[in-house]
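# Residue-level structure breakdown
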Amino acid sequence: GENVEQHPSTLSVQEGDSAVIKCTYSDSASNYFPWYKQELGKRPQLIIDIRSNVGEKKDQRIAVTLNKTAKHFSLHITETQPEDSAVYFCAALDYKLSFGAGTTVTVRA
Amino acid sequence: NAGVTQTPKFQVLKTGQSMTLQCAQDMNHNSMYWYRQDPGMGLRLIYYSASEGTTDKGEVPNGYNVSRLNKREFSLRLESAAPSQTSVYFCASSPPGQGGETQYFGPGTRLLVL
């Protein structure tokens, strides 16, 4: 089955700096790659996604890139703000969503 | 719309006790899912139901059973709880025609097994 690895496990950035989280996947049949944000004690919420026929997608301060050949995808957050502090999960879909282990992002004021 | 709802929010069980976690969605979604979330391990799929009347095992089904009661409701049962089942359980649903892409999560049930 699909195996998703996510790095780093923790990330601390200064407010206003950029944050990058990277994920790799194993199943070349996977064709959909969402990113979820989970604030402390809350449910995961979808923040951005990308399909395998697209190389990059942006939504305001967040962007996702996909390299199908290398089987990796990344989340980029620019101009980080304190409200960006959360755990971020990547996932890949073959017949089910397989999640990475998560990255705890802390934005220092 | 309430979206995806779960009950209870928190439960403490003793080893060997049984309980059912309830999940309901009011978005007319076909597919529903049960995940468990453990520290450092992301979310792992326990069972899923692609449509009313069907259920399938996910990555970690041992020790659990599910029932898709109708299109709205999908319950998860622990017949004999074990400390290893201490976790946060999330239910999710996804719209038809997407193959399980966009998933909407419930608020979670925090379960402690002593």
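Summary of the structure given here. (Residues numbered from 1 in each chain as written. Chains lettered and ligands numbered in written order. Predicted model: local features only at pLDDT ≥ 70, side-chain atom pairs only at ≥ 80, totals over all residues. Heavy atoms only, no water.)

Across its full length, chain A holds zero helices and 11 strands. The order of helices and strands in chain A, counted from the N terminus, is β-β-β-β-β-β-β-β-β-β-β. In terms of overall size, chain A behaves like a compact globule, its C-alpha atoms giving a radius of gyration of 13 Å where 109 residues would be expected to give roughly 13 Å. Over its C-alpha atoms, taken along the principal directions, chain A stretches across nearly 40 × 25 × 20 Å. When each of the 109 residues of chain A is scored for burial, the buried share is 44%. Counted over contacts in chain A with a minimum sequence separation of 6, partners at least 24 positions apart contribute 52%. As presented, chain A carries roughly 5400 Å² of accessible surface, and 46% of it is formed by carbon and sulfur atoms. (Helix = DSSP H or I, 4+ residues; strand = E, 2+ residues; numbered from the N terminus. Rg over C-alpha atoms; globule rule 2.2 N^0.38 Å. Buried < 20%, exposed > 50% of the residue type's maximum accessible area, 1.4 Å probe, protein only. Contact = heavy atoms within 4.5 Å. Areas by Shrake-Rupley, 256 points an atom, 1.4 Å probe, with all protein chains shown as cover.)

Here the focus is the state of the cysteines. Residue and element names in this part refer to chain A. Within this structure, the stated rule accounts for two disulfides over all chains. In this model cysteine 23 forms its disulfide with cysteine 90; the gap between the sulfur atoms is 2.0 Å. What sets the handedness of the cysteine 23 and cysteine 90 disulfide is the S-S torsion sign, and at about -100 degrees it is left-handed. Linking cysteine 23 in strand 3 (residues 19-25) with cysteine 90 in strand 9 (residues 86-93), this pair joins segments that are 67 residues apart in sequence. An identical accessibility class is assigned to cysteine 23 and cysteine 90; each is buried. (Disulfide = S-S within 2.5 Å.)

In this structure, B:Pro8 sits in the loop between strand 1 (4-7) and strand 2 (10-13). Counting along the chain gives 101 residues from B:Pro8 to B:Thr109, while the straight-line C-alpha distance between them is 6.1 Å.

All names here are of chain B. Spatial ordering of the open sheet is given by 1-3-8-7, a layout of four strands whose pairing is antiparallel. Each end of this open sheet is capped by a strand with a single partner; those strands are strand 1 and strand 7 (64-68). On average, each strand axis in the sheet is tilted by 20 degrees relative to the strand beside it, whichever way the strands run. Pairing of strand 1 with strand 3 (residues 19-25) involves four bridges; the strand directions are antiparallel. Directly across from valine 4, in strand 3, lies its bridge partner glutamine 25. (Pairing = 2+ DSSP bridges. Axes fitted to C-alpha atoms, helices over the stretch in contact; angles between N-to-C directions.)

Let's shift gears to the packing of aromatic side chains. Following the criterion strictly, the structure yields 14 aromatic pairs over all chains and no others. An angle of 85 degrees between the planes, with centres 5.4 Å apart, marks the rings of A:Tyr36 and B:Phe105 as edge-to-face. Here the residue A:Tyr36 occupies a position in strand 4 (residues 32-38), and B:Phe105 occupies one in strand 10 (residues 104-105), the pair thus bridging two chains. By the burial criterion, A:Tyr36 is buried, and B:Phe105 matches it. Judged by centre distance (5.9 Å) and plane angle (65 degrees), the ring pair of B:Tyr64 and B:Tyr89 falls under edge-to-face. Here the residue B:Tyr64 occupies a position in strand 7, and B:Tyr89 occupies one in strand 9 (residues 87-94), the gap between them amounting to 25 residues. For the residue pair B:Tyr64 and B:Tyr89, the accessibility class agrees, reading buried in each case. Taken together, the ring pairs connect A:Tyr36, A:Tyr95, A:Phe99, B:Tyr33, B:Tyr35, B:Tyr48, B:Phe90 and B:Phe105 into an aromatic cluster. (Phe/Tyr/Trp six-rings, centres within 6.5 Å; stacked < 30°, edge-to-face > 60°.)

Looking now at the layout of surface pockets. In this model, the largest pocket occupies a volume close to 530 Å³. Along the wall of the largest pocket there are 28 residues; nearest its centre are A:Gln38, A:Leu40, A:Gly41, A:Val87 and B:Gln37. Only strand 9 and strand 11 (103-108) of chain A together with strand 9 and strand 11 (109-113) of chain B provide two or more residues apiece to the lining of the largest pocket. The element best represented in the lining of the largest pocket is strand 9 of chain A, accounting for three residues. (1 Å grid on protein atoms, 1.4 Å probe; cavity = no way out; pocket = protein on both sides within 12 Å on 5 of 7 lines; lining within 4 Å. Points joined across faces, edges and corners; volume = space filled by probe spheres on them.)

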